[in-house]
Amino acid sequence: MHDLGTALLHADPSPSLPVPFETPLTGIAIAGDDHVTRLKWHRLQRSRSDLSFTPRRLLEGLAAGASLEVDLRLHADHSFVCLHDATLDRETSGSGPVAAASLQQLRRLRLRGEADATGPALILLEDLAELARGLAAPDALIQLDLKETEAALDRQTIENFRRTLACIAGRCILSGGDWQAISRLADAVPAMRRGFDPCAEDTLEHLRDGIDCLDFVESTLATAPDAEMIYLDYRLILAAEGLGIDLVAPFRAAGKAVDAWTLNTDHAGAARSVKRLAALKVDQITTDEPDALQALFEMGRG
């Protein structure tokens, strides 16, 4: 573990990083008639032009009390790096499998955008912990979205996870699609909250009627009884509504919060979708552009 200054140096070696942040006035939540829905900054993005997983957006979001998401990929030195893909090629200046890269190799890489522009260095799990230990608004929450299966987790990895995140566990929720992997890691960090994403690529096509929807809810609750948050493809929620089924209500009745992922303003029918999700009282909407999505929601309201 290193200190905040070292974490900042690794994450962005430029001297301009400590410039004061402007407190966001938008992009945190949307308010319906009787319910507030948080807007989660998907991959630490506040706009579509942002690079994913930058320390500046992490610090900005923590200060603003935002809900934030980072993906976790296992690297060769039994710990994690904040990346989505299994390979380095698309998101970074490197190439090859993330799992084969050492910590020192990852330290030399830079984030890469769609136009091949390079940005700051990657955020390692140790950097994330140090950055998140600073001042943060009480409502700030970091979703750690695990992209690994239980089979990839050995004792050293679990111990490194415990030692690194014990100090910030109260600001985090560990999620993913492999409940056994989530449980093994979270068991090592008692204060760590847990979330579960039951959606597979073919889930939507299998929800053909109300019985299928209710079976999906029951199966999810049975698989992940200790999950505090259930992460659902927003299209699943709206498709169920089209069948006359409120997919959100039974999860909330079971004491689970519901996140609807990932809605952006360029999606077909986005304006109607965000209004319907808010009306169904989802607790959170995942988006790459929280400011723009809030503006779309508020358009025409008065």
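This text goes with the structure placed above it.
Summary of the structure given here. (Residues numbered from 1 in each chain as written. Predicted model: local features only at pLDDT ≥ 70, side-chain atom pairs only at ≥ 80, totals over all residues. Heavy atoms only, no water.)

Regarding the overall build of the chain
To keep it simple, the criterion reads: Helix numbers and strand numbers start at the N terminus; a helix is a DSSP run of H or I with at least 4 residues, a strand a run of E with at least 2. To get the radius of gyration, use the C-alpha atoms; to get the globule rule, take the number of residues to the power 0.38 and multiply by 2.2 Å. Three exposure classes are used, based on accessible area relative to the maximum for each residue type with a 1.4 Å probe and protein chains only: buried under 20%, partly exposed in between, and exposed over 50%. Throughout, a contact is declared for two residues whenever any of their heavy atoms are within 4.5 Å.
Within the chain, the regular secondary structure consists of 12 helices and 12 strands. Relative to the globule expectation of 19 Å for 302 residues, the C-alpha radius of gyration of the chain, 19 Å, shows essentially globular dimensions. When its C-alpha atoms are laid out on the principal axes, the chain stretches across 55 × 45 × 35 Å. Expressed as a percentage of the 302 residues in the chain, the buried residues total 52%. For the chain, restricting intrachain contacts to residue pairs at least 6 apart in sequence, the fraction spanning at least 24 positions comes to 67%.

A few points about the nonpolar core
Put simply, the rule reads: The term nonpolar core refers to a set of buried residues drawn from Ala, Val, Leu, Ile, Met, Phe, Trp, Tyr and Cys, joined through side-chain atoms within 4.5 Å.
With 74 residues, the main nonpolar core has Ile142, Leu144, Phe161 and Met192 as its most contacted residues. Non-local contacts of Met192, meaning those with residues more than four positions away in its chain, are made with Leu144, Phe161, Leu165, Ala169, Cys172, Ile173, Leu174 and Ala186. Core analysis: the second largest hydrophobic core is formed by 10 residues, Leu88, Val98, Ala101 and Leu124 among them.

Quick look at the environment of Asp226
Within the element layout of this structure, Asp226 appears in the loop between helix H8 (210–223) and strand E10 (229–233). On the accessibility criterion, Asp226 (51% relative accessible area) is exposed. For the pair Asp226 and Pro138, spaced 88 residues apart in sequence, the C-alpha separation works out to 23 Å. Discounting residues that sit within four places of it in the chain, Asp226 has contacts with Trp179, Arg194 and Lys256.

Looking at the environment of His206
Among the secondary structure elements, His206 is positioned in helix H7 (residues 203–206). C-alpha of His206 to C-alpha of His267: the two residues are 61 residues apart in sequence and 22 Å apart in space.

A short note on the pairing of strand E9 (residues 193–196)
Note the threshold: DSSP calls a pair of strands paired once it identifies at least 2 bridges connecting them. Orient the strands so they point away from the viewer; a crossover is then right-handed if the path from the first strand over the helix to the second runs clockwise.
In this sheet, E9 lies alongside strand E8 (residues 172–176) in parallel orientation, the contact comprising 2 bridges. Paired with Leu174 across the strands is Arg194, a residue of E9. For the crossover that starts at E8, traverses helix H6 (residues 179–187) and ends in the parallel E9, the hand is right-handed. Two strands pair when backbone bridges link them, and E9 and E10 are joined in this way by 2 bridges, in the parallel orientation. Bridge assignment links Gly195 to a residue of E10, and that residue is Met229.

A look at the packing of helix H4 (residues 125–132) against helix H5 (residues 155–165)
Stated precisely, the cut-off is as follows: Note on geometry: axes are C-alpha line fits, over the in-contact stretch for helices, and angles between N-to-C directions span 0 to 180 degrees. For classification, angles of less than 35 degrees are called roughly parallel, those exceeding 145 degrees roughly antiparallel, those between 65 and 115 degrees roughly perpendicular, and all remaining angles oblique. By the definition used in this description, the sense in which the near helix is turned from the far one sets the handedness, with an anticlockwise turn below a right angle giving left-handed and a clockwise turn giving right-handed. Under the scheme applied here, ten amino acids are nonpolar (Ala, Val, Leu, Ile, Met, Phe, Trp, Tyr, Cys and Pro), four are charged (Asp, Glu, Lys and Arg), and all others, including Gly, are polar.
Relative orientation of the contacting elements H4 and H5 amounts to 20°, with a least axis distance of 9 Å. By the angle class used here, H4 and H5 are roughly parallel. The two elements H4 and H5 meet at a crossing, and its hand is right-handed. Taking contact as the criterion, the partners of Leu125, Glu126 and Ala129 in H4 are, on H5, Phe161, Thr164 and Leu165. In the contact of H4 with H5, the residues fall into 4 nonpolar, 1 polar and 1 charged.

Observations concerning the packing of aromatic side chains
The following threshold applies: Pairing of aromatic rings covers Phe, Tyr and the six-membered ring of Trp, with a centre-to-centre limit of 6.5 Å; geometry is then stacked below 30 degrees between planes, edge-to-face above 60, and tilted otherwise.
In the structure shown here, the tally under the stated rule is 2 aromatic pairs. For the ring pair Phe80 and Phe161, a centre distance of 6.1 Å and an interplane angle of 80° mean the geometry is edge-to-face. Linking Phe80 in strand E4 (residues 80–81) with Phe161 in helix H5, this pair joins segments that are 81 residues apart in sequence. One exposure class covers both Phe80 and Phe161, and it is buried. An angle of 75° between the planes, with centres 5.9 Å apart, marks the rings of Trp179 and Phe196 as edge-to-face. Of this pair, Trp179 sits in helix H6 while Phe196 is found in strand E9, placing the two residues 17 residues apart along the sequence. In this structure Trp179 comes out as buried when scored by relative accessible area, which is 8%.

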